[in-house]
Amino acid sequence: MVQPIDLETVKQVAKLAKLELDDARMDEASSQLGRILEYVNQLESVECPDGIEPFYGVVESKDAIREDAVAPSLPRNEVFKNSPDSDGEYYRVPKVLDRES
């Protein structure tokens, strides 16, 4: 039997998630959260054999971090070659922030 979560808890979760829920959605969320917790409890009761490593995803991933190696930089004229506007030392871009705002 799914036990709904009390409305105060739903309000707190909605506030943390920055959701605005009307009364009808609060009741629906209460029931849904109850079903989610029931499923988590069901998963907690599953017994796993010893020595089984946790499974974190369907694709095994490794750190994509490479060794930090010093390499020569591009010359400035090459860097700014495709730039729409520069002063030879920096890129020039349109103003996007107004300090008075």
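Quick caveat: nothing in here was measured; it's all calculated off a predicted structure. (Residues numbered from 1 in each chain as written. Predicted model: local features only at pLDDT ≥ 70, side-chain atom pairs only at ≥ 80, totals over all residues. Heavy atoms only, no water.)

Draft legend 1. Broad picture of unusual backbone geometry. Of note, the phi angle at Lys18 is positive, near 55°, even though the residue is not glycine. When you line up the elements, Lys18 lands in the loop between helix H1 (7-16) and helix H2 (23-44). On the basis of relative accessible area, Lys18 is assigned to the exposed category, the value being 74%. (Helix = DSSP H or I, 4+ residues; strand = E, 2+ residues; numbered from the N terminus. Buried < 20%, exposed > 50% of the residue type's maximum accessible area, 1.4 Å probe, protein only.)

Draft legend 2. Structural view of the side chain of Ser83. Looking at the secondary structure, you find Ser83 in the segment after helix H3 (76-79). Within the structure, the side chain of Ser83 is placed 3.0 Å from the backbone oxygen of Asp85, a separation counted as a polar contact. (Polar contact = N/O pair within 3.5 Å; in protein donor to acceptor, adjacent residues only side chain to side chain.)

Draft legend 3. How the structure looks around a nonpolar patch on the surface. A surface patch of nonpolar side chains, amounting to about 430 Å² of accessible area, comprises Leu74, Val79, Tyr91 and Val93. Checked against the element boundaries, Leu74 lands in the loop between H2 and H3. (Patch = residues over 30% accessible without salt bridge, like charges linked within 9 Å, V, L, I, M, F, W, Y side chains within 5 Å. Areas by Shrake-Rupley, 256 points an atom, 1.4 Å probe, with all protein chains shown as cover. Salt bridge = Lys/Arg side-chain N within 4 Å of Asp/Glu carboxyl O.)

Draft legend 4. A look at H1. The distance from a side-chain oxygen at the start of H1 to the backbone nitrogen of Glu8 is 3.2 Å, and the residue carrying that oxygen is Asp6. The positive-phi residue at the C-terminal boundary of H1 is Lys18, with phi of around 55°.

Draft legend 5. Just H2, in detail. An ideal rise of 1.5 Å per residue puts 32 Å on 22 residues; H2 measures up with 32 Å between its terminal C-alpha atoms. Met26, Ala29, Ser30 and Gly34 are the residues of H2 that are buried. Along the long axis of H2, the arc covered by the buried residues comes to 140°, so they all point the same way. Of the exposed residues in H2, those oriented more than 90 degrees away from the buried face are Ala24 and Gln42. Those residues of H2 hidden inside the fold are in contact with H1. (Expected span 1.5 Å × (residues − 1). Arc of directions from axis to C-beta. Contact = heavy atoms within 4.5 Å.)

Draft legend 6. How the structure looks around the pattern of salt bridges. Overall, the coordinates contain 3 salt bridges when judged by the stated rule. A salt bridge links Glu8 to Lys11; its shortest N-O distance comes to 3.7 Å. One end of the pair, Glu8, and the other, Lys11, are both in helix H1, 3 residues apart, so they sit about a helical turn from each other. Classification of Glu8 by relative accessible area gives exposed; the value is 54%. Taking relative accessible area as the criterion, Lys11 reaches 42% and is therefore assigned partly exposed. We note a salt bridge from Arg25 to Glu28, for which the minimum N-O separation is 3.8 Å. One end of the pair, Arg25, and the other, Glu28, are both in helix H2, 3 residues apart, so they sit about a helical turn from each other. The exposure class assigned to Arg25 is partly exposed, which follows from its relative accessible area of 44%. What makes Glu28 partly exposed here is its relative accessible area of 39%.

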